[in-house]
Amino acid sequence: MVLTSVTQKLFGCCADEDVTGESPYKLLKKDDIIQDIKTRAAVSDFSPVKQIVLDYPEEEILLVYDRDFTYDQCFYLVLTPEAKDRILNPPKPETPGVLENEVIKTPEPKEWISLGSELEIDEESVKETREKLWYKFSRVRRKFGVPACFSDRNTADAKDGYLECASYQDSRFSIKQMQRDCGTQAVPRLQSSSAQTQWKFQRNIFTQYKPRELSEEEAENILQADSLRNFCNSVPHRVLQALQQEEIMNVFFDDLKALGTGAEAGDWSGKVSEGLMLYQAFTDQKYAKDKKISSISWHPTIYGVIAVALIEKKEERFSESTASEVRPSLIVFYSFSDPSNPQLLLECPDDIFAFEFCPSDPNIIVGGCMNGQVVLWDISAHVTHLQGTQSSGKKASVNTDTFDLDDNKENKTPVVRYCAVSALESSHKARITDVQWLPPTFEVTRTGLPVENKHNISVQVVTCSPDCAIMFWDVRMPKLLSQSVSDKKQNVDQKTQMSSYSVPDTFKHLDRTWKPLFRVSLPRISTSGEYAPLKFNFEPYTCSSNKDRDTEEADENDDSSKIIPDYSQLRVPSAKTLTALEDVNTKLYFGTEDGEIGYTDWKLGKDDSGRLHSAKPLSCIGIHHWLVNTVQRSPFLKDIILTTGGWNFAIWKEGIMDGPIILSPSSEQVCTVGCWSLSRPAVFFIGKDDGSIEVWNLLEKTSEPAQVHAHITNAKITSITPWIAAPKQHFLAVTDELGMVRVFEIPKTLYIPSRSEGLSVKKYFELEEERLKDYLKKEELWAKEKKETEELKKKMEPDKPVKSLKENDDVNMKEHSDYLTLEESILKGMGLWTATADTQDT
Amino acid sequence: MAEVEETLKRIEAHKGVIGTIVVNAEGIPIRTNLDNSTAVQYAGLLRHLTMLARSTVRDIDPQNDLIVLRIRTKKYEIMVTPENGFLLIVIQNPCE
């Protein structure tokens, strides 16, 4: 509260004179304050606190000079005596104990303070309420020492054994109940009864009705009626208006909403980039030096992990003399959290050209080698390491042979050796260029017949190689466990460059004895010889027959699909026990070394001698002029395939055997790789020889790319793989010949599909298909016409000279006879006509 | 009768009109340019619906009356106008 100088003088508490910062307390007498209030009434400074002062119990009130204005005014009045005491006599701070050598004293017994527990103890304890009664019995002396017999007797046995007080009803204590609660419930009276009609007279009756129609005269009558005329006068106006409205605009179409496909509502930063932005680049000096990348794959479940296969740049394989230069072939795993160090290394027996993660179990990886072998890895031991790459990897990797604890700081990348490799004599004879898992929805038997897949996991792999074969492999243990000769090979060629870590024995049953299920060869259609496939693609089958199974089986299947079964325990079931799936498309597209795209059926048929062989491909068309390096199906439209090779790319539709529905114009650089966008049906990416990437959008421009990102790298681009890591993060991984992996972030404009893009693209493809059909028809027509004209020409030529001679003769004759008649007529006219019959002969 | 014809021709000639049906008070089509079975089906079904719509409108406000009932479907639009006990049904393909 504020005290004016007058008040201050009156009470002797002038600021800085009577009360200072050191002694800010001043006790004022209550009576004085009341006096002051009475004398000065409203002007008094104490009037606001008048009531409090009057109520104050003690005689003196404490006034404190507040030098620091903690309560916002110059003085404050302490209102309660307790507070006053507290301020005047602040509790003394505890004196710190002196920590000298304290003698530990035994605690002395203190007075017990009762806290009420004795009451409980009293209640619980058993005490005697009265003194114990005791009876003394004695017998006559002569019966001393004689055995005594004690027995029981019930009180009711004797008549006067007890005295009872029976209860009786005393009328003085009767209470009349005045009110009673009772409840009622209404219960419907139910009565069930039934009736049954007896079908005494059995007679078949049915009714059929048809709509009433007007006969001709009736219609005429009505048409003449006035009412109809009135009707026709009044109604058309509004009907026409309504029709017109429809024609003008569509009221159900939201134009504004349709407008907003370009920029999202929330993203007005102004820096929306149009092109691919570099997100991260991965390279590793130790492992990726002087190597080029052949294939790249994103880890299907772990965010931000890419696996990259590195191969030697030189094409020819050197002899063993330069073994010191040859470094082990590796597949390297990179993670977003650590761009310069690989997280995991997979050791391969030879350079890997293609590899793929198993779709049902991302810990299994299959790869195809340079020497034609198929390799399997199991990385389940290191999955936690890969997942935990957010932390700084100090967690000791599971299999370091070196036991130095200091080395934990140096992140040693774990190396995984391959679990199983196929038998050398039954593998491909040339390098494997493409490896794919069959989807978990079906599997194939030894003859290529698709059958159902009981466990819904991917168990089969398809590989292709330029040795003109496509092979199907099964990762389960075959029924006949034949001990092959290759057992001896186990001791040979242990790679001693990498110390042997513990190899998981998931695929022990396959190691070195692995043979393919069956082999599809590709004989040429018209000539002899075979096609050399480089890439292939089959239709991913989504099982639709799951609905037919009854619920028990479905539940079982659900359970088993969650548990990833142990591959070493699976056996190849006998073909008879599985039901064949009819609607699986068993045809696949393949691209060859000569630039042809072929379409064949992988089922093996029986030829005349009863042996299984593969049929000739259904079609094979040479479109590209060099090696085909991509055959990829669109993720949206199941029958559209993109192929690149040579200097152009083509889009095919399954079912149209005659040619691609779209063929791009030849470009100046070689197209090295192509891939579809995962979110937009009309967009795909083409990588080029000079290190640039073209983004094509079929709905914008069809003859040139929508965007060109030139010179992303200096070397040839070897592979492009898109990935959707999060709903707003779409990545594109690009690898090149220098061993670098660049991950680009796809901008919104390229991953958000435009309105009804799927439909538009589908329509576009259909148009192109029509065009192609038209073109082919026209071509046929032209060919026919051309043939006809040629034939006609040929026929015309030998006749012409003969004909012309004859014609000439006739013409001459005619002219001559005309001349003669003319001469005759003139001579006659001149009167000189003599009978010149003899001059007629020529 | 000529007026009837002329009116219907005008309506039919409008852009997008697939068919027209004139229905009498009992729900029997009098004149139509669709085939008979379709016309009968439309007439029968739409008559009930129109009566229901009309009674709804008049229940809410007795002074009000139904002028046009437009049913917009996925494929086209059906317009029904009741008047004097007759119904005129027009089926139009809206332009997209």
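Parameters and conventions
Residues numbered from 1 in each chain as written. Chains lettered and ligands numbered in written order. Predicted model: local features only at pLDDT ≥ 70, side-chain atom pairs only at ≥ 80, totals over all residues. Heavy atoms only, no water. UniProt positions renumbered as here; feature names shortened; annotations may be inferred. Helix = DSSP H or I, 4+ residues; strand = E, 2+ residues; numbered from the N terminus. Contact = heavy atoms within 4.5 Å. Areas by Shrake-Rupley, 256 points an atom, 1.4 Å probe, with all protein chains shown as cover. Expected span 1.5 Å × (residues − 1). Buried < 20%, exposed > 50% of the residue type's maximum accessible area, 1.4 Å probe, protein only. Pairing = 2+ DSSP bridges. Axes fitted to C-alpha atoms, helices over the stretch in contact; angles between N-to-C directions. Patch = residues over 30% accessible without salt bridge, like charges linked within 9 Å, V, L, I, M, F, W, Y side chains within 5 Å. Salt bridge = Lys/Arg side-chain N within 4 Å of Asp/Glu carboxyl O. Lys, Arg positive; Asp, Glu negative; His and termini not counted. Charge placed at Lys NZ, Arg CZ, Asp CG, Glu CD. Polar contact = N/O pair within 3.5 Å; in protein donor to acceptor, adjacent residues only side chain to side chain. Parallel < 35°, antiparallel > 145°, perpendicular 65-115°, else oblique. Nonpolar A, V, L, I, M, F, W, Y, C, P; charged D, E, K, R; others polar. pLDDT = per-residue confidence, 0-100. Buried area = accessible area lost by both parts, 1.4 Å probe. Phe/Tyr/Trp six-rings, centres within 6.5 Å; stacked < 30°, edge-to-face > 60°. Lys NZ or Arg CZ within 6 Å of the ring centre and 35° of its normal. Arc of directions from axis to C-beta.

Per an unreviewed UniProt entry, chain B goes by the name Dynein light chain roadblock and belongs to Lates japonicus. Comment text from UniProt for chain B, heading Sequence similarities (unreviewed entry), reads "Belongs to the GAMAD family." Per UniProt, the comment on chain B under Subcellular location (unreviewed entry) is "Cytoplasm, Cytoskeleton".

In the nomenclature of an unreviewed UniProt entry, chain A corresponds to WD repeat-containing protein 63 from the organism Lates japonicus. Regarding chain A, the relevant UniProt record gives this comment under Subcellular location (unreviewed entry): "Cytoplasm".

Of the regular secondary structure elements, chain A holds 13 helices and 36 strands. Here the analysis covers contacts within chain A between residues at least 6 apart in sequence; of these, 63% occur between residues at least 24 apart. Roughly 54,900 Å² of accessible area belongs to chain A as shown, and the carbon and sulfur atoms make up 53% of that amount.

This part is about helix H2 (residues 36-60) of chain B. Residues and elements named next belong to chain B. Along its 25 residues, H2 runs 36 Å from first to last C-alpha, staying within 8% of the 36 Å computed at 1.5 Å per residue. Within the sequence span of H2, burial applies to Ala 39, Val 40, Tyr 42, Ala 43, Leu 46, Thr 50 and Ala 53. Packed against the buried residues of H2 are strand S1 (17-23), strand S2 (29-32), strand S3 (69-72), strand S4 (77-83) and strand S5 (86-92).

All names here are of chain A. The strand order across the open sheet formed by four strands is S20-S21-S22-S25, and the pairing between neighbours is antiparallel. The open sheet has two edge strands with one neighbour each: strand S20 (533-538) and strand S25 (619-622). Averaged over all pairs of adjacent strands, the angle between their axes in this sheet comes to 20 degrees, without regard to strand direction.

Together, A:Glu216, A:Glu217, A:Glu218 and A:Glu220 make up a negatively charged patch on the protein surface. On the secondary structure map, A:Glu220 appears in helix H6 (residues 216-224).

It is worth spelling out the sheet that holds strand S27 (residues 640-645) of chain A at this point. Residues and elements named next belong to chain A. Pairing is antiparallel across the open sheet formed by four strands, whose spatial order is S26-S27-S28-S29. Taken across any chain shown, the strands that pair with only one partner, and hence form the sheet edges, are strand S26 (628-633) and strand S29 (662-663). Across two bridges, strand S28 (residues 648-653) lies against S29 in antiparallel orientation. Looking at the pairing, Ile 651 lines up with Ile 662 of S29.

Take the side chain of A:His624 next. Residue and element names in this part refer to chain A. Residue placement: His 624 occurs in the loop between S25 and S26. Separated by 3.2 Å, the side chain of His 624 and the backbone oxygen of Gly 645 make a polar contact. With sequence-adjacent residues up to four places away left out, His 624 is seen in contact with Asp 594, Gly 595, Ile 597, Thr 643, Thr 644, Gly 645, Gly 646, Asn 648, Phe 649 and Ala 650.

Next up on the list: the packing of helix H7 (residues 226-248) of chain A against helix H1 (residues 2-12) of chain B. Where H7(A) contacts H1(B), the axes come no closer than 10 Å and their chain directions differ by 10 degrees. In terms of axis orientation, H7(A) runs roughly parallel to H1(B). When H7(A) is examined against H1(B), the residues A:Leu228, A:Arg229, A:Cys232, A:Asn233, A:Pro236, A:Val239, A:Leu240 and A:Leu243 are found in contact with a partner set consisting of B:Glu3, B:Val4, B:Thr7, B:Arg10 and B:Ile11. Of the residues contributing to the contact of H7(A) with H1(B), the split by class is eight nonpolar, two polar and three charged.

Residue and element names in this part refer to chain A. For chain A, the average pLDDT comes to 74, and 75% of its residues sit at 70 or higher. In this model, residues 481-501 is a region of pLDDT below 50 whose contacts with residues beyond four sequence positions or in other chains number 23 contacts. Confidence drops under pLDDT 50 across residues 837-842; counting only partners more than four residues distant or on other chains, this segment forms two contacts.

Turning next to the interface of chain A and chain B. Listed as interface residues are 30 residues of chain A and, on the opposing side, 35 residues of chain B. Of the roughly 3,100 Å² buried between chain A and chain B on both sides combined, carbon and sulfur atoms contribute 65%. In this assembly, chain A and chain B are joined by two salt bridges. For the salt bridge of A:Arg238 with B:Glu83, the shortest nitrogen-to-oxygen distance reads 2.4 Å. It is H7(A) that provides the largest number of residues to the side of chain A that touches chain B, a total of 19 residues. Split into classes, the residues belonging to the side of chain A that touches chain B amount to 15 nonpolar, eight polar and seven charged.

All right, on to the pattern of salt bridges then. Tallying each qualifying case throughout the model produces 22 salt bridges over all chains. Here B:Glu77 and B:Arg70 are joined by a salt bridge, their closest N and O atoms 3.1 Å apart. Linked through salt bridges whose partners overlap, the residues forming this network are A:Asp639, A:Lys653, A:Glu769 and A:Lys773.

Our focus in this paragraph is the environment of A:Glu530. Checked against the element boundaries, A:Glu530 lands in the loop between strand S19 (518-521) and S20. Not counting chain neighbours up to four residues away, the residues in contact with A:Glu530 comprise A:Cys468, A:Ser521, A:Leu522, A:Pro523 and A:Arg524.

Below, the discussion takes up the pairing of S3(B). Residue and element names in this part refer to chain B. Here four bridges tie S3 to S4, and the two strands are oriented antiparallel to one another. Each residue of the ladder has a partner; that of Leu 69, found in S4, is Val 80. In textbook terms, the turn of a hairpin is the stretch between consecutive antiparallel strands, and for S3 and S4 this stretch comprises four residues.

Side chains of A:Ile248, A:Met249, A:Val251 and A:Phe252 sit close together on the surface and give an oily, nonpolar patch of about 460 Å² of accessible area. With respect to the helices, strands and loops of the structure, A:Met249 is situated in the loop between H7 and helix H8 (255-259).

Attention now goes to the packing of aromatic side chains. The geometry of two aromatic rings is summed up by the distance between their centres and the angle between their planes. Residues and elements named next belong to chain A. Following the criterion strictly, the structure yields 18 aromatic pairs over all chains and no others. Ring centres of Phe 333 and Phe 357 lie 6.0 Å apart, and the angle between their planes is 90 degrees; on these two criteria the pair is classed as edge-to-face. Highlighted residues: Phe 333 in strand S7 (residues 329-335) and Phe 357 in strand S9 (residues 352-357), separated in sequence by 24 residues. Ring centres of Trp 676 and Phe 684 lie 5.4 Å apart, and the angle between their planes is 70 degrees; this geometry places the pair in the edge-to-face category. Like Phe 684, Trp 676 is buried. Taken together, the ring pairs in this structure connect Tyr 279, Trp 298, Tyr 303, Phe 336, Trp 723 and Phe 731 into an aromatic cluster. When the ring centre of Tyr 418 is taken as origin, the NZ or CZ atom of Arg 417, which lies over that ring, is 4.7 Å away. Stacked on the ring of Phe 353, the Lys or Arg Arg 431 has its end atom at 5.1 Å from the ring centre.

Right, let's get into H1(B). Residues that lie three or four places apart on an α-helix share one face, since the helix turns once every 3.6 residues. Residues and elements named next belong to chain B. Taken residue by residue, H1 has Val 4, Thr 7, Leu 8 and Ile 11 as its buried positions. Looking straight down H1, one finds its buried side chains confined to an arc of 95 degrees; they lie on one side. For H1, the exposed residues lying more than 90 degrees away from the buried face are Ala 2 and Lys 9.

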